[in-house]
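Summary of the model geometry
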Amino acid sequence: MSAMSNDEGLLASLGYKQELKRQFSLLQMFGLGFGMIGVVSTMSTVLVYSIPNGGTSAMVWGWALCSVFLTCIGLALSELASLAPTSGGLYYWTFALSSEKWRCFLCWTVGYSNTISNVASIASVNWGCAVQIMAAVSIGSDSTFAPTVGQTYGVFCALVVFNSLVNSIDPKIIARLQASFIAMNILVFIALIIVFPVSTPRTSMNTAKFALGDFTNSSLVSGWPDGFAFILSFLAPLWSLGCFDAPVHMSEEATNASIAVPVTIMSMTLSALVCGWALNVVMAFCMGTDYTAILSSPIGQPMATILFNSLGKNGTLAIWSFVIVIQFMVCANSMTPCSRQIFAFSRDGGLPFSRWIYFVNPGTGTPTHAVWTCGALVLLLGAIAFAGPSAIGAVFSLVVTSQYVSYMIPITARFVVKREKETKPGPFSLGILSLPVAAVAVVWMFFTTVVFMFPLTSAPTVGNMNYTVVVQGGVLVLATIYFYLPRYGGRHWFKGPVSTLEDSVEELLEGENKEI
């Protein structure tokens, strides 16, 4: 143990040998997390959920309200990340903190829920990038081009394959790119903050009363009362900040992981919340009052339409090209932690074909089989777009609901399950505030998980129903059946985290000097 670094020693205390290279510094970890959020590009993707469900009030005050609860989630997860920084993260914590009777099943459930949430996250950001590219083509053609679902899916597939290739290279290259990703995100954000008020025609500028106080439940989304519509608008900030666990899955590649991972979670969360709120406020003042025109524009992208109204064709294409580049960065960064989570879960035998997926390329040090497994799952999930115009929206909701199921279980287990020994906190600890912060986070996540199972209309049809409950419910039901299947089910062979050292996880968890 004395020959090991502190990180390798901590990882060994959790039951795993070091297989991935630790090449991400604190700054590069922040770049990966902040780059995954990509404030400008991700907000452009989800304005379609906030504008029709409350207008400027939803954009400004919905984001502000959600920021409080999102901060609580970040804090609760940061404590756990500091406690046991491993790529498995959520399912590992669940096993370690749950009762002996239920921990294998809960670990299994969290593992599958976390996997589908990460896959949905990549599918949604790549779909958003495809839509942004198509919006640029539409603007360039003076709105004579209207993309079909098939064309958009084709661009989506190309993006997924290319990002799989990017994530198959040496992770050192990805780490070194993060500083430029940070710079571009910040520069484009500053540019928009300046360009919007300077370039927007006076006739399109809104008063403070409208920008900060208008509430419009758009006729495009009918049936729900104003209060519930406002709650549905929360999907915008919750999806934009839906990657708290991303730094966790990079734990085994981060230096000084027990500190770097929680610091990354909180720094990327707070910076994105502040920047996102500021950009919402600026757009609320510069978008005009005709929501219907923005949402029904042939451009097909609300932020691109707002930019077009302010800057015209050439100015919009210039700015929008950078937005697309940032969104592409989001896509590339998103696949990195997802592949590590799939790698970790297969290392513990949780996924079908785990023996094949659990592989590290000796040349690049990359879990390439996990990368391409991730890409294949993303392509399959993205095909749901052909089910109807609202079907792809379910993928965005699925990101939030599946993540929250994965988050709630280990956070709750930490405080609810009685253990012979108290859980030893990591370097990042809230002290006496741990329980109240966790309670707020769990209640909020449970509430929003239920809400986002509802369709955007009160009278849904096959074409516009919310498929979140179908996809997530289907995954959890199938995972449960697979676990309890007679003879071949997971309960017969899945024992939770499997030590890659000589000692078992059980012994490591019970050791006096290796207590979690």
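Higher on the page you've got the structure.
I will try to describe carefully the structure that is included in this document. (Residues numbered from 1 in each chain as written. Predicted model: local features only at pLDDT ≥ 70, side-chain atom pairs only at ≥ 80, totals over all residues. Heavy atoms only, no water.)

Focus on the packing of aromatic side chains
If you walk through the whole model with that rule in mind, you get 33 aromatic pairs. Ring centres 5.9 Å apart and planes at 80° place the aromatic pair Trp224 and Phe454 in the edge-to-face group. Residue Trp224 is located in the loop between α9 (208–213) and α10 (226–232), and its partner Phe454 is located in the loop between α19 (434–451) and α20 (468–484); the two are separated by 230 residues in the primary sequence. Ring geometry for Phe230 versus Phe234: centroids 5.3 Å apart, planes at 75°, classification edge-to-face. The same class applies to Phe230 as to Phe234, namely buried. Note that Arg347 overlies the ring of Tyr16, its terminal NZ or CZ placed 3.8 Å from the centroid. (Phe/Tyr/Trp six-rings, centres within 6.5 Å; stacked < 30°, edge-to-face > 60°. Helix = DSSP H or I, 4+ residues; strand = E, 2+ residues; numbered from the N terminus. Buried < 20%, exposed > 50% of the residue type's maximum accessible area, 1.4 Å probe, protein only. Lys NZ or Arg CZ within 6 Å of the ring centre and 35° of its normal.)

Thoughts on helix α3 (residues 39–50)
Burial of α3 is extensive: eleven of the twelve residues sit out of reach of the surface. Looking at α3, one finds that the buried residues are Val39, Val40, Ser41, Thr42, Met43, Ser44, Thr45, Val46, Leu47, Tyr49 and Ser50.

A look at unusual backbone geometry
Trans is the common state for peptide bonds, and a negative phi is the common state for residues other than glycine. Positive phi, close to 55°, is recorded for Asn256, a residue that is not glycine. Within the secondary structure layout, Asn256 lies in the loop between α12 (246–249) and α13 (257–286). Given a relative accessible area of 42%, Asn256 falls into the partly exposed group.

Topic: the side chain of Ser499
Residue placement: Ser499 occurs in the loop between α20 and α21 (505–510). When its relative accessible area of 16% is taken as the criterion, Ser499 is described as buried. Among the polar contacts listed, one links the side chain of Ser499 to the backbone oxygen of Gly15, at a separation of 3.0 Å. A distance of 3.0 Å separates the side chain of Ser499 from the backbone nitrogen of Leu501, its partner in a polar contact. (Polar contact = N/O pair within 3.5 Å; in protein donor to acceptor, adjacent residues only side chain to side chain.)

Here's the deal with the nonpolar core
If you look at the biggest cluster of nonpolar residues, it comprises 154 residues, and the most contacted ones within it are Ile73 and Trp93. In contact with Trp93, not counting residues within four places along its chain, are Leu77, Leu80, Ala81, Ala84, Val248 and Pro410. (Core = buried A, V, L, I, M, F, W, Y, C linked by side-chain atoms within 4.5 Å. Contact = heavy atoms within 4.5 Å.)

Remarks on the pattern of salt bridges
For the coordinates displayed, the defined rule picks out five salt bridges. Close ionic contact of Arg414 with Glu79 constitutes a salt bridge, the shortest N to O distance being 2.9 Å. Of the two residues, Arg414 is situated in helix α18 (residues 391–416) and Glu79 in helix α4 (residues 55–83); the sequence distance between them amounts to 335 residues. Linking Arg347 and Glu252 is a salt bridge whose minimum nitrogen-to-oxygen distance equals 2.8 Å. Of this pair, Arg347 sits in helix α15 (residues 302–347) while Glu252 is found in the loop between α12 and α13, placing the two residues 95 residues apart along the sequence. Overall, Arg347 belongs to the buried group, its relative accessible area being 6%. Shared partners join several salt bridges into a network, and the residues in it are Glu19, Glu252 and Arg347. (Salt bridge = Lys/Arg side-chain N within 4 Å of Asp/Glu carboxyl O.)

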